[in-house]
Amino acid sequence: MNLHEYQAKEILKAFQVPVQDGIVAETINQATEAYKKITEETGSKFAVIKAQIHAGGRGKGKIENTEQRGVCVVKSLEEATQAATNLLSNKLITIQTGPKGKIVNKIFVAKDAYTTGPAATQEFYLSMLLDRAKGEFVIIYSTEGGVDIEKVAHETPDKIFKEWINPTVGLANFQLRDIAFNLGLKGEAAKSCQKFVANLYKAFINTDCSLLEINPLFKNSQDQILAVDCKMSIEDNALIRHPELEAIRDLSEEDPIEIEAGKYNLNFIKLDGNVGCMVNGAGLAMATMDIIKLSGGDPANFLDVGGGANAQTVEAGFRIILKEPNVKAILINIFGGIVRCDKVANGVIEAYKKIGNINIPIIARLQGNSAELAKELLDKSGLKVVSAIELEDAAKLVTQALL
Amino acid sequence: MSILVNKNSRVLVQGFTGAEGSSHATQMIDYGTNVVGGVTPNKGGTQHLNLPVFNTVKEAKIATDANVSIIFVPPILAADAILEATDSNMPLIICITEGIPVRDMVTVKAALKNSNSILIGPNCPGIITPDEAKVGIMPGFIFKKGKIGLISKSGTLTYEAADQIAKAGLGISTAIGIGGDPIIGTSTKQAIELFMNDPDTEAIVMIGEIGGSMEAEAARWIKANGNKKPVIGFIAGQTAPPGRRMGHAGAIVGGAEDTAEAKMEIMTQCGIHVVKSPAEIGKTVKKILG
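Since we're looking at a predicted model, the values are computed, not measured.

## Some remarks on the overall build of chain B
What chain B contains, in helices and strands, is 9 helices and 14 strands. The C-alpha radius of gyration of chain B comes to 18 Å, within 12% of the 19 Å expected for a compact globule of 290 residues. Along the first, second and third principal axes, the C-alpha set of chain B runs to 55 × 40 × 30 Å. Looking at chain B as a whole, 62% of its 290 residues are labelled buried. Considering only contacts within chain B whose residues lie at least 6 apart along the sequence, 73% involve residues at least 24 apart.

## As for the sheet that holds strand β4 (residues 71-74) of chain A
All names here are of chain A. With respect to topology, 4 strands assemble into an open sheet ordered β1-β7-β2-β4, the strand pairing being antiparallel. Single-partner strands in this sheet number two, and they are β1 (22-25) and β4. When the angles between neighbouring strand axes are averaged without regard to direction, this sheet yields 20°. For strand β2 (residues 47-52) and strand β7 (residues 106-111), the ladder comprises 6 bridges, and the chain directions are antiparallel. Following the sheet pairing, Ala-47 is matched in β7 by Lys-111. Packed on one face of the sheet, helix α3 (residues 77-87) meets β2, β4 and β7 and runs near 160° to β4.

## Section: the interface of chain B and chain A
The extent of an interface is frequently quoted as the accessible surface area lost upon association of the parts. Each partner contributes to the interface: chain B provides 54 residues, whereas chain A provides 44 residues. Between chain B and chain A the total buried area reaches about 3900 Å² when both faces are included, carbon and sulfur atoms providing 63% of it. When the area that chain B buries against chain A is broken down by residue, the three leading residues are Arg-103, Thr-239 and Met-246 of chain B, summing to 17%. Taken together, the connections running from chain B to chain A amount to 7 salt bridges. Here chain B is connected to chain A by 14 residue pairs in polar contact (both at pLDDT 80 or more). Taken together, the elements giving at least two residues each to the side of chain B that touches chain A come down to α1 (19-31), α4 (102-113), α5 (156-167) and β13 (231-236) of chain B. When residues of the side of chain B that touches chain A are assigned to their parent elements, the largest contribution, 7 residues, is made by α5 of chain B. Across the side of chain B that touches chain A, the residue classes tally to 26 nonpolar, 16 polar and 12 charged.

## Brief notes about the pattern of salt bridges
Residue and element names in this part refer to chain A. Evaluation of the coordinates by the stated rule reveals 37 salt bridges over all chains. With its nearest N and O atoms 3.3 Å apart, the salt bridge here joins Lys-13 to Glu-10. Placement of both Lys-13 and Glu-10 in helix α1 (residues 5-14) is noted, with a separation of 3 residues, approximately one turn of the helix. As a salt-bridge pair, Glu-67 and Lys-62 come within 3.0 Å of each other at their nearest N and O atoms. Classification of Glu-67 by relative accessible area gives exposed; the value is 61%.

## What to know about the nonpolar core
One finds Ile-70, Ile-94, Phe-143, Leu-150, Ile-192, Val-205 and Met-246 of chain B to be the most contacted residues of the largest nonpolar core, which totals 92 residues. Residue contributions to this core peak at 7 residues, all from helix α9 (residues 282-294) of chain A. If sequence neighbours within four positions are ignored, Met-246 of chain B has contacts with Ile-269, Ala-282, Met-286, Met-289 and Phe-302 of chain A together with Ile-210, Ala-240, Pro-241 and Ala-251 of chain B. Ranked by size, the runner-up nonpolar core spans 67 residues in total, among them Ala-8, Val-19 and Ala-190 of chain A together with Leu-112 of chain B.

## A closer look at unusual backbone geometry
Of note, the amide linkage connecting Asn-215 of chain A to Pro-216 of chain A takes the cis form, showing an omega dihedral of 5°. For Pro-216 of chain A, the position within the fold is in strand β11 (residues 209-219). Put simply, Gly-121 of chain B and Pro-122 of chain B share a cis peptide bond, and its omega is 5°. Residue placement: Pro-122 of chain B occurs in the loop between β7 (118-120) and β8 (126-129). Phi at Asn-123 of chain B takes a positive value of approximately 60°, unusual for a residue other than glycine. Positionally, Asn-123 of chain B belongs in the loop between β7 and β8. For Asn-123 of chain B, a relative accessible area of 8% translates into the label buried. Even without being a glycine, Asn-227 of chain B presents a positive backbone phi close to 40°. As for its position among the elements, Asn-227 of chain B is in the loop between α7 (214-224) and β13. In this structure Asn-227 of chain B comes out as partly exposed when scored by relative accessible area, which is 31%.

## Topic: the pairing of strand β9 (residues 136-142) of chain A
Residues and elements named next belong to chain A. Counting buried positions along β9 yields 7 of 7 residues, so the element is predominantly enclosed. Along β9, one buried face is formed by Glu-136, Val-138, Ile-140 and Ser-142 and the opposite face, lined by Phe-137, Ile-139 and Tyr-141, is buried too. With 7 bridges connecting them, strand β8 (residues 122-131) and β9 associate as antiparallel partners. Note on β9: the bridge partner recorded for Tyr-125 is Ser-142. What sits between β8 and β9 in their antiparallel hairpin is a turn of 4 residues, with Gly-135 showing a positive phi close to 70°. Pairing of β9 with strand β10 (residues 160-165), which is carried by 6 bridges, proceeds in the antiparallel orientation. Within β10, the position partnered with Ile-139 by the bridge is Glu-163.

Rules used throughout
Residues numbered from 1 in each chain as written. Chains lettered and ligands numbered in written order. Predicted model: local features only at pLDDT ≥ 70, side-chain atom pairs only at ≥ 80, totals over all residues. Heavy atoms only, no water. Helix = DSSP H or I, 4+ residues; strand = E, 2+ residues; numbered from the N terminus. Rg over C-alpha atoms; globule rule 2.2 N^0.38 Å. Buried < 20%, exposed > 50% of the residue type's maximum accessible area, 1.4 Å probe, protein only. Contact = heavy atoms within 4.5 Å. Pairing = 2+ DSSP bridges. Axes fitted to C-alpha atoms, helices over the stretch in contact; angles between N-to-C directions. Buried area = accessible area lost by both parts, 1.4 Å probe. Salt bridge = Lys/Arg side-chain N within 4 Å of Asp/Glu carboxyl O. Polar contact = N/O pair within 3.5 Å; in protein donor to acceptor, adjacent residues only side chain to side chain. Nonpolar A, V, L, I, M, F, W, Y, C, P; charged D, E, K, R; others polar. Core = buried A, V, L, I, M, F, W, Y, C linked by side-chain atoms within 4.5 Å.

What follows is the structure in structure tokens.
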């Protein structure tokens, strides 16, 4: 589950991690009030307005057909109002949203962190995530902040550092020192950095993050380290022990069809192809998508119905897939192990009759327990359902359906 | 004729009295697996399915001499169940549970390094050695006895492959579902190594999926060790979009190296017979074994 920057910063603050603070606004009025409050507090006219969407590249991204960027510095109430007007309810297109863009429903009015002072300011990069190969969490950091880290890793790998965290020991003090030194920090800034990373790691562990990325990690002119931006994702499997985080999930950022599928315990991912599919098991579902592609089609979705392929789940699956007008055929692929195929076949027939007019061919491949009986049931049903037992035959039927 | 489980396996069921534990223990017993008892905290001293129930794994192991434990415990409690089995020096632990938080598995992985236990899973269908023992949730009737070792990250795709192998007139020495999570106890490479050393396995089918680097690691190991037995491979998720979790927590394309295409390329270079279509697994095995 992804969080917005403003939500992530609230969580970091609770763990004593310094952040570039601000106020979230959903209306232009709220934004102007936030600007007034922030500039009063800082005594500066400068503030930063940041669109809150679940996608990166906001700073370079622009509102559709305008020059308004997703993140901008404002230095007057007029400019703040203008930026809020330009952003709110409009479509922001960034390198990560793709051409479809995302509607900006909230903006974050933040303090200007880049004020001048006794020390020089600097931008770094730091993230925490799982290293799958090692089965350990790793801190990745770099002297190159505020830029695309993958580009840095590719072009100047010597500027990327890593600290693996021993699960039984935790993040050790020497590693905190290493991080500060590798970033070239000294004195007060090095101390501030060590405290920052120690607390950030506490936040990472205690909220079960799958990713916590601070870019830029910023050293201000007072030699203090703070998070100017923050990307935080919570691991879905761990949400059960974080009801307070589940409660702040922003469903408007997620695909409404996928949310609906979730209500029926269907694991659904929308894709852009022309053949829908409904499968039991994630691995077989991926393999079925591959079969569709090899048969000349493109998968319209990933859909794992799990162990319960019954009339209700099949009906819900049909209805969800049929929402997409591009779908030219649906391939049902169920491997009946413990679940009997004839029961699944009856479920398919029942669901089909309940929906009534399905105008595209349904290919039902039921294999395993009682497969022959299932095929007979489907063949005699009189419905526009073609059946198969072998995966190879199902693939041929997909090709035929697309002719 | 097998690896990891056989007719001498003495199986303990953790989460024995729960719905999943009861149902699958019954099916394992029906298959002929030697289930010797179960563990459910606070139900020790009672009987379930005509077998003794214990409060702890330690007690159960002493009383029954179990050498395999299978875990059907809810996700939030499952890591603790694995740790308990590890602490009791259970030689083989099979965790079926799906949805264990990654942080818990990081701890488990560290504990396993300092133990003699082998963990299979989590988020897996288990292990079956046809006609000897089924320690898992797979439908036993699909798996015919034979000389092909089968390794897979997924459940139903394992059944699909086993069925195709049977229809090709061949059979399975042992089938292992290693699990679809980002952190699992036994890697593809480790499972391959077991099959390479098993005198009764003549060929290996490895079924992987997008995400992580286990298939590439296994492929390089196979090549470095002289391709001693033919290996047939398939990677699911050729059409999966990057950055999305495809059902399994570990099935996510994160970079250029963990796509299906990249993995298949590495596998081919390492002398593995890569099957592009999941419908052709059985046929290809048949062709290669001549």
